[in-house]
Amino acid sequence: MQIKHLLNVCFFAVFLFLMEPAMAQNKVITGKVTDKKDGSPLIGVSVVTAVGASGGAITTTDGSYRISVPANAASLTFTYVGYANLTVAINGRTAINVSMESDSKTLSEVVVIGYGTQRVKDATGSVASLSTKDFNKGVISTPDQLLQGRIAGVQVTPSSGEPGAASSISIRGTGSIRAGNDPLYVIDGVPIANDANAASGATTGSLGMSSARNPLAFLNPADIENISVLKDASASAIYGSRGANGVVLITTKKGRKGAGIQFSSNTSISSVAKRYDLLNAQQFIAAVTATGADASAVNKGANTNWQDQIFRTAVSQNYNLGFGGAKGGFNYRASFSYDDQNGTVKKSQLKRGTGRLNASQLLLGDRIKLDLSFLAADLRNTYAPITNNAGFQGSLIGATLGANPTYPIKNADGTYYFDGTNRNPVAMLNLIDDKDRVHRYLGNFGATFKITKDLSYKGTFGNDYSIAKRTTYYDPLLQGYTDADNVRGQTISQISGNGRGQIQNVKLSSQITEHTLTYDKKWADKSALTVLAGYSYQVFKNYSWNDVRWNTTTANVLVKSIDAFKNRLPIYGDTSKSELQSYYGRVNYSFMDRYLVTATVRSDGSSKFGANHKRATFPALAIKWKVMNESFAPKGVFDDLSLRLNYGKTGNQEFPPYQSLAVTQYNFGNNSNTLLWSPNPDLKWETTTQYGAGIDFAIFNNRVTGTLDYFNKTTKDLLFFQYFSAPAPSPGQWINLPGKIINKGFELGLNIAAVQSSKFRWDVAYNMTVLKNTVKDFKQRIVNTGAINGQGLSGAYAQVIQNDYPIFTFKVPQFNGFDSNGFGIYPNGIDKATLQGSALPKFTTSLTNNFSYGPFNASIFINAATGFYIYNNTANAYFYRGNLVTGHNVTQEVAKSNENVLNSGEVSTRFLEKGDFVRLSNVTLGYTVNLGKSKVFKSLNFNVSGQNLALITGYKGLDPEVNTNKDINNVPSRGIDYASYPKPRTITLGINAGF
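What comes next is a walk through the structure. Bear in mind that the values here come from a model prediction, so they are computed numbers and not experimental data. (Residues numbered from 1 in each chain as written. Predicted model: local features only at pLDDT ≥ 70, side-chain atom pairs only at ≥ 80, totals over all residues. Heavy atoms only, no water.)

1. Notes on the overall build of the chain
The helix and strand inventory of the chain stands at 10 helices and 50 strands. The C-alpha atoms of the chain give 30 Å as radius of gyration, which agrees with the globular expectation for 995 residues (30 Å, within 12%). With respect to the principal axes defined by its C-alpha atoms, the chain has extents near 105 × 65 × 60 Å. Within the span of the chain, comprising 995 residues, buried residues form 54% of the whole. Of all intrachain contacts in the chain linking residues separated by at least 6 positions in sequence, the fraction that spans at least 24 positions is 70%. (Helix = DSSP H or I, 4+ residues; strand = E, 2+ residues; numbered from the N terminus. Rg over C-alpha atoms; globule rule 2.2 N^0.38 Å. Buried < 20%, exposed > 50% of the residue type's maximum accessible area, 1.4 Å probe, protein only. Contact = heavy atoms within 4.5 Å.)

2. Some remarks on unusual backbone geometry
A cis amide bond links Ala726 to the next residue, Pro727, at an omega of -5 degrees. Relative to the helices and strands, Pro727 resides in the loop between strand S36 (704-723) and strand S37 (732-756). You will see that Asn701, though not glycine, has its phi angle at about 60 degrees, which is positive. Exposure remark for Asn701: the relative accessible area of 49% places this residue in the partly exposed category. With a phi angle near 55 degrees, Asp717 is a residue other than glycine that sits in the positive phi range. Considering the arrangement of structural elements, one finds Asp717 in strand S36.

3. A word on helix H5 (residues 281-290)
Listed in full, the buried residues belonging to H5 are Ala281, Phe284, Ala287 and Val288. What you see down the axis of H5 is that its buried residues fit within an arc of 125 degrees, all on one side. For H5, exposure combined with an orientation more than 90 degrees from the buried face picks out Gln282 and Ala290. Those residues of H5 that are buried are in contact with helix H10 (892-896). Between a side-chain oxygen at the N-terminus of H5 and the backbone nitrogen of Gln282 the separation is 3.2 Å; the capping residue is Asn280. Phi turns positive one or two residues past the end of H5, at Gly292, with a value near 95 degrees. (Arc of directions from axis to C-beta. Polar contact = N/O pair within 3.5 Å; in protein donor to acceptor, adjacent residues only side chain to side chain.)

4. Description of the environment of Gly926
For Gly926, the location among the structural elements is in strand S47 (residues 917-928). For the pair Gly926 and Ile368, spaced 558 residues apart in sequence, the C-alpha separation works out to 42 Å.

5. Some thoughts on the pairing of strand S29 (residues 572-591)
With 19 bridges connecting them, strand S27 (residues 528-552) and S29 associate as antiparallel partners. Directly across from Tyr543, in S29, lies its bridge partner Thr575. Two elements, S29 and strand S30 (residues 595-606), share 12 bridges in a ladder whose sense is antiparallel. Each residue of the ladder has a partner; that of Tyr584, found in S30, is Arg602. (Pairing = 2+ DSSP bridges.)

6. Considering the nonpolar core
Ranked by size, the top nonpolar core spans 66 residues in total, and within it Ile177 and Tyr871 carry the most contacts. One finds Leu130, Val156, Val190 and Ala377 within the second-largest nonpolar core, a separate group that totals 32 residues. (Core = buried A, V, L, I, M, F, W, Y, C linked by side-chain atoms within 4.5 Å.)

7. Focus on the sheet that holds strand S49 (residues 976-977)
Within the open sheet, the 3 strands sit side by side as S46-S45-S49. Their pairing is mixed. Among the strands making up the open sheet, the edge pair consists of strand S46 (912-914) and S49. Alignment of strand S45 (residues 869-872) against S49, held across 2 bridges, turns out to be parallel. In the strand pairing of S49, Asn872 is matched with Asp977.

8. Focus: the sheet that holds strand S13 (residues 184-187)
Strand order in the open sheet made by the 5 strands is S10-S15-S16-S13-S14, with mixed pairing throughout. Looking at which strands have only one partner, the edges of the open sheet turn out to be strand S10 (127-131) and strand S14 (190-192). Between one strand axis and the next, the sheet turns by 20 degrees as a mean value, whatever way the strands run. As paired strands, S13 and strand S16 (residues 247-252) are joined by 4 bridges and run parallel to one another. Its bridge partner lying in S16, Leu184 is registered against Val247. (Axes fitted to C-alpha atoms, helices over the stretch in contact; angles between N-to-C directions.)

9. Section: the packing of aromatic side chains
Remark: the centre distance and the inter-plane angle together describe each pair of aromatic rings, the angle taken between the planes. Taken as a whole and assessed by the stated rule, the structure comprises 30 aromatic pairs. Ring plane angle 70 degrees and centroid distance 6.0 Å describe the contact between Phe721 and Trp734, whose orientation is recorded as edge-to-face. Separated by 13 residues along the polypeptide, Phe721 in strand S36 and Trp734 in strand S37 bring together distant segments of the chain. Across this residue pair, the class does not change: Phe721 and Trp734 are buried. Ring geometry for Phe760 versus Phe851: centroids 6.4 Å apart, planes at 20 degrees, classification stacked. (Phe/Tyr/Trp six-rings, centres within 6.5 Å; stacked < 30°, edge-to-face > 60°.)

10. Some remarks on a nonpolar patch on the surface
On the surface, a cluster of nonpolar side chains totalling about 680 Å² of accessible area is made up of Ile261, Phe263, Tyr319, Leu321, Phe336, Tyr338, Val936 and Phe995. Elements that contribute at least two residues to the nonpolar patch include exactly strand S17 (260-272), strand S18 (314-327) and strand S19 (330-342). Relative to the elements of secondary structure, Leu321 occurs in strand S18. Under the relative-accessibility criterion, Leu321 is labelled partly exposed at 36%. (Patch = residues over 30% accessible without salt bridge, like charges linked within 9 Å, V, L, I, M, F, W, Y side chains within 5 Å. Areas by Shrake-Rupley, 256 points an atom, 1.4 Å probe, with all protein chains shown as cover. Salt bridge = Lys/Arg side-chain N within 4 Å of Asp/Glu carboxyl O.)

11. Brief notes about the environment of Glu747
Inspection of the secondary structure assignment puts Glu747 in strand S37. Residue classification places Glu747 among the buried residues on the basis of a relative accessible area of 3%. In this structure, Glu747 is in contact with Ser126, Ala152, Gly153, Arg172, Lys231, Thr707, Leu708, Asp709, Phe711, Met768 and Thr769, ignoring residues within four places of it in sequence. At a separation of 2.8 Å, a polar atom in the side chain of Glu747 contacts the side chain of Arg172. Among the polar contacts made by the side chain of Glu747, one reaches the side chain of Lys231 at a distance of 2.9 Å.

12. Observations regarding the pattern of salt bridges
Enumeration according to the criterion identifies 35 salt bridges in this entry. When the shortest N-O distance is used, the salt bridge between Arg437 and Asp378 registers 3.0 Å. Within this pair, whereas Arg437 is found in strand S22 (residues 432-450), its partner Asp378 is found in strand S21 (residues 368-382), the two being separated by 59 residues in sequence. For the salt bridge of Glu961 with Arg919, the shortest nitrogen-to-oxygen distance reads 2.9 Å. A residue pair is termed long-range when its members are at least 10 positions apart, and Glu961 in the loop between strand S48 (939-953) and S49 and Arg919 in strand S47 qualify at 42 residues. The same class applies to Glu961 and to Arg919, which are both buried. Via salt bridges that share partners, Asp188, Asp223, Lys254, Arg333 and Arg356 belong to a single interconnected network.

The following block contains the structure:
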């Protein structure tokens, strides 16, 4: 039998030639296979003429099949994992459409993998999949929020609670220092760049940078049908140079027969989940008096709750309309959405409008399939003045925390109160206007041609284009903005008394062309072979330009026009282009549905690297043994049991282009060109090698199913920008650091059908991850990061990357409380920093309980993390008792402490806290209306959900799931909380209707 298999592969061309006359004696039957419950197409259904017969067919992505059968064939048999087998009499027909009924006793999941789909029971790598029923509910700004906490090994940490803010996403740990740790996103087969499609905020240093925008903010979460995560190298190696951090495959909803019209609407109410416990005016005066200071010197007689002045109860709305259908080989789905998300900080807002069209058409007897996917999105952000490094005066949150509660908001003449030093939070809100608008277009066209029954070709062209414009105006009446700034050697006057305007434009585009050949063959003994070969070319372009002006034309009067200023910089910006050319192949072989092998190789060439290392090859191998298909399998114990092994290499080239070349930049100050970096022609790929093992199992009549995985991945040749000591011809150059970063651990995922009855159902989903991260062979090198802000803390930092410790390990002096005089005790000395814990959790877990009873359903989602630390830079900058003397507010705890007012707020373990938490993340209640024989509605459902309802943690800040960007020299930090936008607590009411 195996010789026959090899002959089919090695002499494939001969078989094609010989098959034509054989087919002349047969007849061709075509049709579609759909789900009996909802009419959706079933992918990968096996179609054969009779048990034991040779030949057969497999349904494609729209459920269609084409099979050649002997003239005397009596029936067709349809088999599909998760569905009951179905045999249908032919009775002379040449077109047979069937509907299959799901079988709850078997696994029914089909997962999306790179360049195709696969039955979950046939997956050799570690692939996790979520469908719409598994997604997080409520106010969802971006797709990553749909899967937060839902998948073992995937950690999603939002940078803040701001609408549309970016998240840090780690799949099986953090392995890179400078080349990025975010996964590759692939939307309907098109890999997109991880660049945020919006300007980052201030172009000048003293104002600080706003939080990064989420690169997926343009995508409407309601359009998403499925999210698959490729976690190990054997699964992600098909994406080679871009798969080192895992791959997130997003599949949007397609048209299907009888889909009709779907409408959904949600209204949400959000409030700040937790506020800082600051002193009111009376408490503040008493606390200042208790220090021995003269309270009258800082008492201005008002009673202002500054948090009330900047926070609000926010109302958000979301509307989605979708319609589609399928008939005669054509299917389509169009959708439109509108989101108006208001943040809990006044003025902050995200408005998003999207339109999407997915369509496909079968031609020439289903031999040709055309696919079209197109998205247009319009995003409008309004920003509150919250930044991550705006100096000791802080941005809006920082200014609010330290604001004296006895200060009035305004003077008697209506102008904003200003004490000569500290910024007025209300003035900041009202006198800074910061908005952007982003247009994003994502298109994908593909054509699939069935050359033969087993061989098909697919060509794809994708285009991703966005243009963003951010406009920011600072009123000259703003007080406390007294720093002059410098842009490319040109000094810009302070904002106070002068005003400032700036426009930032960012244009991003990428085009991808891919060609694949797929050979898919199945044999009667349940053996199967799928061979994929492909070529890909993608080009990325980034163009930005800025217009900065200052000094309003009319003194102390702001006109929101970029032309209403006296002074300006020349228009300046940057342009970059990079290219990625790839060849790839994958072989999936299954012998008698017992032994499965997946071998993958991808060769990538990137223009970013020097002439000596432009191309790299990334191989992978995975095997799976379906133990339950053996005659000796322990069937009395297991309903399903499979063992997996995997090994592979992936790469990372996420760093700026042109680093192997000498690039200069024009300096306005001295009219000269400055070398930006020294070239490195020997710069090579950062590579990650990963191996692991896994077990898939089912017990108790498939009532309990699960996976257990061990993984070990090592990243080496770390991409890093090495700064030179002055004097030097340039600031530095990109190099490959010696050493490696190792991530290893275990993942467990369980699904339990706890109760299954005719009226009541209870399902439980549980996952957990144990992770250990270590830096090895780093020698004596220490990389500092985690800048700490606050008065007197210039140049301070709290994190290091150092040999034999986890990445993002905190290194600060040890603090042992206060002595009898109220001064800090540092047993090793205030200047002796010691290594502490890491910001990376050692253990993460989540638990979901789903209930249904008649028309009612409910879901409760809890997630937790332990074994990590948070540096509370907010407390370090604002909350020490000496601030009372200078008229700054503090928390109740600080006011009641015995700290001496002369004690300095040094960086130390005083502000380093455990981040362990348990969160009630989501609770959803739903009711499905019994419509009887309604001629209007096909379905009608009402639901209410709550997000971030409860939090149990010892962390004294607002929330331990926070990640303010506090990089040093662009080396990212992790786990630092600095006056960040607080997370909201949200209640959402929704309706879903089908017509």
